[in-house]
Amino acid sequence: CAPVCLDALSSERACAYHLRPGTCDEGGIVNQLVAQEDVIWEGRPTWRAWPGRWIAGWVLLPVVVGAFLLLSVWMRTRSHRWKVTSRRIEVETGLFSKRVDTIELWRVRDVEFRQSLFDRIAGVSTVGITAHDGTFPALSLRGLPADRSIYDRLMNAVMQARQQRGVMNLNP
C-alpha cells in the first residue's frame, strides 16, 4: 500500500484518528479502518426534544422572554452533533469553538432507550449511554427519532464490538 498523506483525506477522518493534516499514514491504516466503518446515524437533535420551551417561546414571542426561549432551543440544536458508527460514537459540541469527544463502542457498558409522555407526543426519544471511560462516562443523545431502530442498531453494534475485542462485562 502506498503511503497516503492526510492532506488528501478529509479533516473529519483526520480528527477521527487524532492525526494532524500533513502527517502521513505509511501503511494506509486510516483508509482501511474508515472503509470498514458503517455510519449508523448522524444528525442533530430536533426542536421537538424541548416542546415546552418551543411552544412557550412561540406563545411568548411578542415578549422578550419568548425570544430567549427560542434562542436557547436553537443554540442547543446547533451546538451539538452526534455521529454513531459501527465502531464509535463521536460527540461534537460548541457553537463558536468545537470540541470532539469519542467513545469506542467496545467500552460501552449500558445503552438505554427513554421516552417521556411529552417525548412520545413530540415524536422524539433519548438514548442514554454509560461507558467505561474516566473522562466521558455518561452520554445522553436527546432528540433522536422516536422509533427504536437507532437503539436496536446501536445495541447490535456494541455487542459486535465487544465480541471482536473479547470484552466481558464483569461489573453488575
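Relevant structure appears above.
Fair warning: this is a prediction, and the values are worked out from it, not measured in the lab.

**Focus: the overall build of the protein**
Scanning the protein for helices and strands turns up 6 helices and 9 strands. Taking all 172 residues of the protein together, 35% fall into the buried category. Contacts in the protein between residues far apart in sequence, at least 24 positions, make up 46% of those at least 6 positions apart. Total accessible area computed for the protein in this model is approximately 10,500 Å², and 57% of it derives from carbon and sulfur atoms.

**Concerning the pairing of strand 5 (residues 88-93)**
Both faces of the sheet carry side chains from a regular strand, because those side chains alternate between them. In the sheet, strand 4 (residues 80-85) pairs with strand 5 via 5 bridges, with the strands oriented antiparallel. Counted as the bridge partner of Val84 is Ile89 from strand 5. If you look at the hairpin formed by strand 4 and strand 5, you'll find 2 residues sitting between the two strands. Connecting strand 5 to the antiparallel partner strand 6 (residues 99-104) that follows it, the hairpin turn spans 5 residues, and Gly94 within it adopts a positive phi of roughly 120°.

**Some remarks on the side chain of Asp101**
Positionally, Asp101 belongs in strand 6. Accessibility expressed as a relative area gives 17% for Asp101, which makes it buried. Side chain to side chain, Asp101 and Arg99 meet in a polar contact 3.1 Å long. With residues up to four places along the chain from it excluded, the contact list for Asp101 reads Ile89, Glu90, Val91 and Phe136.

**What to know about the environment of Trp41**
Locating Trp41 in the fold gives a position in strand 3 (residues 39-43). Considering only alpha carbons, one finds Trp41 and Trp82, 41 residues apart in sequence, at a separation of 8.2 Å. Setting aside residues up to four positions removed in sequence, Trp41 forms contacts with Trp82, Lys83, Val84, Leu144, Pro145 and Ile150.

Each value, and the rule that gives it
- Residues numbered from 1 in each chain as written.
- Predicted model: local features only at pLDDT ≥ 70, side-chain atom pairs only at ≥ 80, totals over all residues.
- Heavy atoms only, no water.
- Helix = DSSP H or I, 4+ residues; strand = E, 2+ residues; numbered from the N terminus.
- Buried < 20%, exposed > 50% of the residue type's maximum accessible area, 1.4 Å probe, protein only.
- Contact = heavy atoms within 4.5 Å.
- Areas by Shrake-Rupley, 256 points an atom, 1.4 Å probe, with all protein chains shown as cover.
- Pairing = 2+ DSSP bridges.
- Polar contact = N/O pair within 3.5 Å; in protein donor to acceptor, adjacent residues only side chain to side chain.

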